[in-house]
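Chain by chain, the residues:
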Amino acid sequence: HFQLDELLKELIDESDIVQFSHEIMLSINEPISVYADRDKIGSVISNLLSNAVKYSAANTKINVNCEILGNSAIVSVTDEGIGIDAEDLEKLFDRYYRVGKHHTVSGFGIGLYLSAEIVERHNGKIGVNSKVGEGSTFYFEIPIKEI
């Protein structure tokens, strides 16, 4: 068991040290304890934060939200970035898939795939909502209690 809200605060504090180009806003209504692999969930959160920074212009906001819904904890990362074409959305979590048409950011196309694998192995779900020119919201949901 670990405090998901504390992990989010730590990761956001660490990312602030590395980059000053974006304002990261964290919204948590209550302490959230989950039964999960802290390091692996931290990797998922770090990947989503890193992508939000990479794919949005400097001096924009990134909103991180963490809440309980039923028996699950839901974490979302929303940016004001370039967004993703609808045709690419369903392939984003495939191994080695890279959105290429409008993007020049380097990467191997495995971060979201690995994040999806981690979340699924925690009996959770991962997803994205996005619109070109308006930004993206990546989110994941994991059970609060041991299954």
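All of the points below concern the structure found in this document. (Residues numbered from 1 in each chain as written. Predicted model: local features only at pLDDT ≥ 70, side-chain atom pairs only at ≥ 80, totals over all residues. Heavy atoms only, no water.)

A word on helix α2 (residues 38–54)
And then number 1: When the terminal C-alpha atoms of α2 are compared, their 24 Å separation across 17 residues agrees well with the 24 Å that a helix rising 1.5 Å per residue should span.
And then number 2: Taken together, the buried positions of α2 are I41, G42, V44, I45, N47, L48, L49, N51 and A52.
And then number 3: The residue sitting at the N-terminus of α2 and contributing the capping side-chain oxygen is D37; that oxygen lies 3.1 Å from the backbone nitrogen of D39. (Helix = DSSP H or I, 4+ residues; strand = E, 2+ residues; numbered from the N terminus. Expected span 1.5 Å × (residues − 1). Buried < 20%, exposed > 50% of the residue type's maximum accessible area, 1.4 Å probe, protein only. Polar contact = N/O pair within 3.5 Å; in protein donor to acceptor, adjacent residues only side chain to side chain.)

With respect to the packing of aromatic side chains
And then number 1: The tally for this structure, following the rule as stated, stands at one aromatic pair.
And then number 2: Pairing F93 with F138 gives two aromatic rings, centres 6.3 Å apart and planes at 75 degrees, and the pair type is edge-to-face. Here F93, found in the loop between α3 (86–89) and α4 (111–121), pairs with F138, found in strand β7 (residues 135–143); they are 45 residues apart in sequence, far enough to count as distant.
And then number 3: You can call F138 buried: its relative accessible area is 8%. (Phe/Tyr/Trp six-rings, centres within 6.5 Å; stacked < 30°, edge-to-face > 60°.)

Looking at the pattern of salt bridges
And then number 1: Under the definition given, this model contains three salt bridges.
And then number 2: Between E10 and R38 there is a salt bridge, with its nearest N and O atoms 2.8 Å apart. Of this pair, E10 sits in helix α1 (residues 4–18) while R38 sits in helix α2, and the two are 28 residues apart along the sequence.
And then number 3: The exposure class of R38 is partly exposed, given its relative accessible area of 31%.
And then number 4: Among the salt bridges present, the one from K131 reaches E134, with a minimum N-O distance of 3.9 Å. By the burial criterion, K131 is exposed, and E134 matches it. (Salt bridge = Lys/Arg side-chain N within 4 Å of Asp/Glu carboxyl O.)

Some thoughts on unusual backbone geometry
And then number 1: In the Ramachandran plot, N59 falls in the positive-phi region, its phi being about 65 degrees despite a non-glycine side chain.
And then number 2: Positionally, N59 belongs in the loop between α2 and β4 (61–69).
And then number 3: Within the chain, N123 stands out as a residue other than glycine whose phi angle is a positive 60 degrees.
And then number 4: Among the secondary structure elements, N123 is positioned in the loop between α4 and β6 (125–131).

Some details on the packing of α2 against α4
And then number 1: Their axes nearest at 9 Å, the elements α2 and α4 cross at an angle of 145 degrees. The handedness of the crossing between α2 and α4 comes out as left-handed. Counting all contacts with α2, which are made through K40, I41, S43, V44, N47, L48 and N51, the residues of α4 involved are G111, L112, S115, I118 and V119.
And then number 2: Considering only residue class, the contact of α2 with α4 consists of six nonpolar, five polar and one charged. (Axes fitted to C-alpha atoms, helices over the stretch in contact; angles between N-to-C directions. Left-handed = near helix turned anticlockwise from the far one by under 90°. Contact = heavy atoms within 4.5 Å. Nonpolar A, V, L, I, M, F, W, Y, C, P; charged D, E, K, R; others polar.)

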